[in-house]
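# Fold and contact review
So you can see what is in the structure, the chains are spelled out below.
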Amino acid sequence: MIGLLGKKVGMTMVFDQEGLSVPVTVIQLGKNIVTQKMTKETNGYTAVQVGGFQVKEKRLNKPEMGALKKRELPAMKPLKEFRVDDLSGYNVGEALKPEAIVVEGALVDVQGRSIGKGFQGTIKRYNAGRGPMSHGSKFHRSMGSIGAGTTPGRTFKGLHMPGDMGNETVTVRHLKVVRLDAEKGLLLVRGGTPGVDGGLLVIKPSKTKWNP
Amino acid sequence: MADRLRPCSGPGKRLPDAQAMFKQLQILERLAMNQIIREIEAPLLKDNLPKLNIGDTVKVFVKIKEGGKERTQGYEGVVIKRHGSGVSSTVTVRRVFQGIGIERVFLLHSPRVEKITVQRRGDVRRSKLYYLRERTGKATRIKEKIGHKKDAPVQAAPAQQAPPTEKKDAAES
């Protein structure tokens, strides 16, 4: 499904008709220009490649720049493919219309890269419990047993252990579109989105029965 | 940490700090982002709010819905806390009603808050008046602010008025 690329600006609140506050994330939408069409014949699948934001030429590598130059397009980053079945509505060099993809009141899925937390223990990473911090206890925040002895004689795969946390792709589903300002390229969705302010976000319409 | 990452240079010789410059750029970008948020908030902000200070006695008129009808209710108390900025700024108003302390948090710019009037200017020396929670009766009194400091006449020194006593109430002990 086709989506839009944007940058997280930050959060604020707006008021609904009843005067209640609605927490919103402000997203600055990119230029969203179709940079390439993947066809069944040449690529084996159908998709639309979309360029997000215009950048300096030196920010792209030579193959990327070459592909854009061939189509007489400016340097754009990021370049993201969206799988679509029907390519007929898209032309290379044309910008996607945000109002055709997201509608006010509809639900969207927002994908981004979560804030990195570094190397974390099991308590923060997997909500594991901890031991007593006092009363003579020497078992504070460390992991417990990681398996039994002879049977099964091994540690199970996928056991929750300390490691890198965050800095991974996270999708928040079913966020309501509060406002779409196509002129300014601003999108307001209810609730929070992954990642830092200024981080890249991919916005797609949700696949739900509530969506028009 | 930053010192360790900096390229080795002789003593007293300073290379342009690339990290510091990068940080500056990041700050600039963040400010530009804030500009967008400020533009979104601008039409929501009220311009007729009185200047509220900590310790002021205020009356807040709130719209409430009751069985399909809407009416305005006043709530009077002391501002003990201000929080947030822009459209999300709030005040916490404390009053003692029938011996029970009530604190309500009001979103200043909410359309539900119809009007705020200042009844009395308080003269306090803290930004959060949490100490009022531990006091009852006379001890909760707050000095009134008399004009500006430089305009205030010499003989009307605030020390003449009884400051809130440090003594705790019987109910507390």
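Along every chain, residues carry numbers that run from 1 in the direction the sequence is written. As a convention, the first chain written is A and the first ligand written is 1, with the rest following in written order. Two thresholds apply to this predicted model, a pLDDT of at least 70 for residue-level local features and 80 or more for giving and counting side-chain atom pairs, whereas whole-chain, interface and lining totals are computed over all residues. Working from all heavy atoms in the structure, the side-chain values ignore hydrogens and water.

### What about the overall build of chain A?
Per the convention used, a helix needs a DSSP run of H or I reaching at least four residues, while a strand needs a run of E reaching at least two, with both numbered from the N terminus. The number of helices and strands found in chain A is four helices and 11 strands. A radius of gyration in this sense is built from C-alpha atoms; the matching globule rule multiplies 2.2 Å by the number of residues raised to 0.38. In terms of overall dimensions, chain A is more spread out than a globule: its C-alpha atoms have a radius of gyration of 23 Å, far above the 17 Å expected for 212 residues. Counting only C-alpha atoms and orienting by the principal axes, one finds that chain A spans roughly 70 × 50 × 40 Å. Burial here depends on accessible area, computed with a 1.4 Å probe over protein chains only, as a share of the maximum for the residue type. Under 20% is buried, over 50% is exposed, and the range in between is partly exposed. With 212 residues in all, chain A has 39% of them scored as buried.

### Here we look at the interface of chain B and chain A
With 17 residues of chain B at the interface, the matching set in chain A holds 21 residues. By definition here, a salt bridge exists when the distance from a side-chain nitrogen of Lys or Arg to a carboxyl oxygen of Asp or Glu is within 4 Å. The interface formed by chain B and chain A contains zero salt bridges. Pairing of N or O atoms within 3.5 Å defines a polar contact, subject to two protein rules: one partner must be a possible hydrogen donor and the other a possible acceptor, and residues neighboring in sequence count only if both atoms are side-chain atoms. Viewed at the interface, chain A and chain B are joined by two residue pairs in polar contact (both at pLDDT 80 or more). The leading source of residues in the side of chain B that touches chain A is helix α2 (residues 18-41) of chain B, at eight residues. Under the scheme applied here, ten amino acids are nonpolar (Ala, Val, Leu, Ile, Met, Phe, Trp, Tyr, Cys and Pro), four are charged (Asp, Glu, Lys and Arg), and all others, including Gly, are polar. Partitioning the side of chain B that touches chain A into residue classes produces eight nonpolar, three polar and six charged. Contact between two residues is taken to exist if any of their heavy atoms lie within 4.5 Å; hydrogens are not considered.

### What about the pairing of strand β3 (residues 33-38) of chain A?
Residue and element names in this part refer to chain A. The buried fraction of β3 is high, at five of six residues. The pairing criterion is simple: DSSP has to find at least two bridges between the two strands. Pairing of β3 with strand β4 (residues 47-54) involves five bridges; the strand directions are antiparallel. Within the sheet, the bridge partner assigned to V34 lies in β4 and is V50.

### Focus on the side chain of N211 of chain A
For N211 of chain A, the position within the fold is in the segment after β11 (200-205). A distance of 2.8 Å separates a polar side-chain atom of N211 of chain A from the backbone nitrogen of L107 of chain A.

### Overview of the pattern of salt bridges
A side chain with one charge may pair with a side chain of the opposite charge, provided their charged atoms come close. Residue and element names in this part refer to chain B. Per the counting criterion, the structure on display carries six salt bridges over all chains. Taking the shortest distance from any N to any O, the salt bridge between E103 and R94 comes out at 2.9 Å. Look at R94 and you get buried, because its relative accessible area is 12%. Between R133 and E103 there is a salt bridge; the shortest N-O distance is 2.8 Å. Here the residue R133 occupies a position in the segment after β5 (113-120), and E103 occupies one in strand β4 (residues 100-107), the gap between them amounting to 30 residues. Overall, the relative accessible area of 27% leaves E103 in the partly exposed class.

### Describing the sheet that holds β5 of chain B
Residue and element names in this part refer to chain B. Read across the open sheet, the five strands follow the order β4-β3-β2-β1-β5; overall the sheet is antiparallel. Taken across any chain shown, the strands that pair with only one partner, and hence form the sheet edges, are β4 and β5. Strand-to-strand twist of the sheet, defined as the mean angle between neighbouring strand axes without regard to direction, takes the value 40 degrees. Of the pairings in the sheet, the one linking strand β1 (residues 57-66) to strand β2 (residues 69-83) comprises 10 bridges and is antiparallel in character. Among the inter-strand pairings, K65 is bridged to a residue of β2, identified as E70. Axis angles are defined between N-to-C directions and span 0 to 180 degrees, where every axis is a line fitted to C-alpha atoms and, for a helix, only to the segment in contact.

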